[in-house]
Amino acid sequence: MQVAVTGPDGQVTQAARTVTVAAGASHVAVPVSIANPQRWFPAGYGAQPLYTVKATLSDGTGAIDSAQRRTGLRTVELRREKDAQGRGFAFVVNGIPVFAKGANLIPFDMFPARVPESQIRTVMAGARDANMNMIRVWGGGYYLDDAFYDIADQMGLMVWQDFMFGGAVTPPTATSARPCGSRRRNRSTGSRRTRRS
């Protein structure tokens, strides 16, 4: 497996690892060390440099599969220090406490296929231009397309992602929960009424 990381300045860092895997799912780590990384910051706290990571899987005769993603390099911590009121709730990005400013996002449309990337970009640019740095994706909607998260990275918007059904009752049976990706197992406890004559 080969991994190539292209920095915002065009510099490429590569790493490779030879492994033998059995049939089925396999997890392989390929450590990559990036000298002097450019860190991603939320809007209002710094720049948003993005790295492109490409992984290529080969079988000895050539490449058989590849995947590519863009990401920002950052550390994120949820700081819960004791204070006069109990415990704080602070996001710390790259060692800097961030004052989160944002809004709640409901679905762009009830039919995700009707939402063009340009609409997502316009809404996200409006949030950034209003000095927001975080968007909460409401749990009563649906998981958004990858383009949404890519645009959020580009614009310096952190995403608070609710789990779906976060504001609703989960499906009552295991059969109906399965398509939703729920790992929760539900048991139906029916009530029984007894008639006395």
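Given the structure is predicted, the values throughout are model-derived calculations rather than measurements.

## Quick look at the pairing of strand S2 (residues 12-16)
Going residue by residue along S2, you find Thr-13 and Ala-15 tucked away on one face and Val-12, Gln-14 and Ala-16 left uncovered on the opposite face. Looking at chain direction, strand S1 (residues 2-6) and S2 are connected through 5 bridges and run antiparallel. Along S2, the bridge assignment pairs Val-5 with Thr-13. Counted along the chain from S1 to the antiparallel partner S2, the turn is 5 residues long, and its residue Gly-10 has a positive phi close to 90 degrees.

## Focus on the environment of Arg-79
Residue position: Arg-79 is located in strand S5 (residues 76-79). Expressed as a C-alpha distance, the spacing of Arg-79 and Pro-97, which sit 18 residues apart in the sequence, is 8.8 Å. With sequence-adjacent residues up to four places away left out, Arg-79 is seen in contact with Gly-88, Phe-89, Ala-90, Val-92 and Pro-97. Looking at Arg-79, its side chain comes within polar contact range of the side chain of Glu-77, at 3.4 Å.

## Remarks on the nonpolar core
Membership of the largest hydrophobic core comes to 16 residues, with the highest contact counts inside it found for Met-124 and Phe-148. Looking at this core, the elements that each hand over two or more residues are helix H1 (117-129), strand S11 (134-137) and helix H2 (146-155). If near-sequence neighbours (up to four positions away) are discounted, Phe-148 is found in contact with Leu-105, Phe-108, Ile-120, Met-124, Ile-135, Val-137 and Val-159. Core analysis: the second largest hydrophobic core is formed by 7 residues, Trp-40, Leu-50, Val-93 and Met-158 among them.

## A short note on the confidence of the model for the protein
When pLDDT drops low, the exact placement of atoms in the prediction is not to be read closely. Here the protein averages 87 in pLDDT, and 85% of its residues register 70 or above. Confidence drops under a pLDDT of 50 for residues 182-197, and excluding neighbours within four residues, the segment shows 7 contacts in the predicted structure.

## Looking at the environment of Arg-136
Turning to its location among the elements, Arg-136 is positioned in strand S11. Relative accessible area serves as the criterion here: at 31%, Arg-136 is assigned to the partly exposed category. Along the backbone, Arg-136 and Met-158 are 22 residues apart, and their C-alpha atoms lie at a distance of 8.5 Å. Once residues within four sequence positions are removed from consideration, Arg-136 is found in contact with Ala-103, Asn-104, Leu-105, Trp-160 and Asp-162. Within polar-contact distance, the side chain of Arg-136 engages the side chain of Asn-104 at 2.9 Å.

Quick notes on the rules
- Residues numbered from 1 in each chain as written.
- Predicted model: local features only at pLDDT ≥ 70, side-chain atom pairs only at ≥ 80, totals over all residues.
- Heavy atoms only, no water.
- Buried < 20%, exposed > 50% of the residue type's maximum accessible area, 1.4 Å probe, protein only.
- Helix = DSSP H or I, 4+ residues; strand = E, 2+ residues; numbered from the N terminus.
- Pairing = 2+ DSSP bridges.
- Contact = heavy atoms within 4.5 Å.
- Polar contact = N/O pair within 3.5 Å; in protein donor to acceptor, adjacent residues only side chain to side chain.
- Core = buried A, V, L, I, M, F, W, Y, C linked by side-chain atoms within 4.5 Å.
- pLDDT = per-residue confidence, 0-100.

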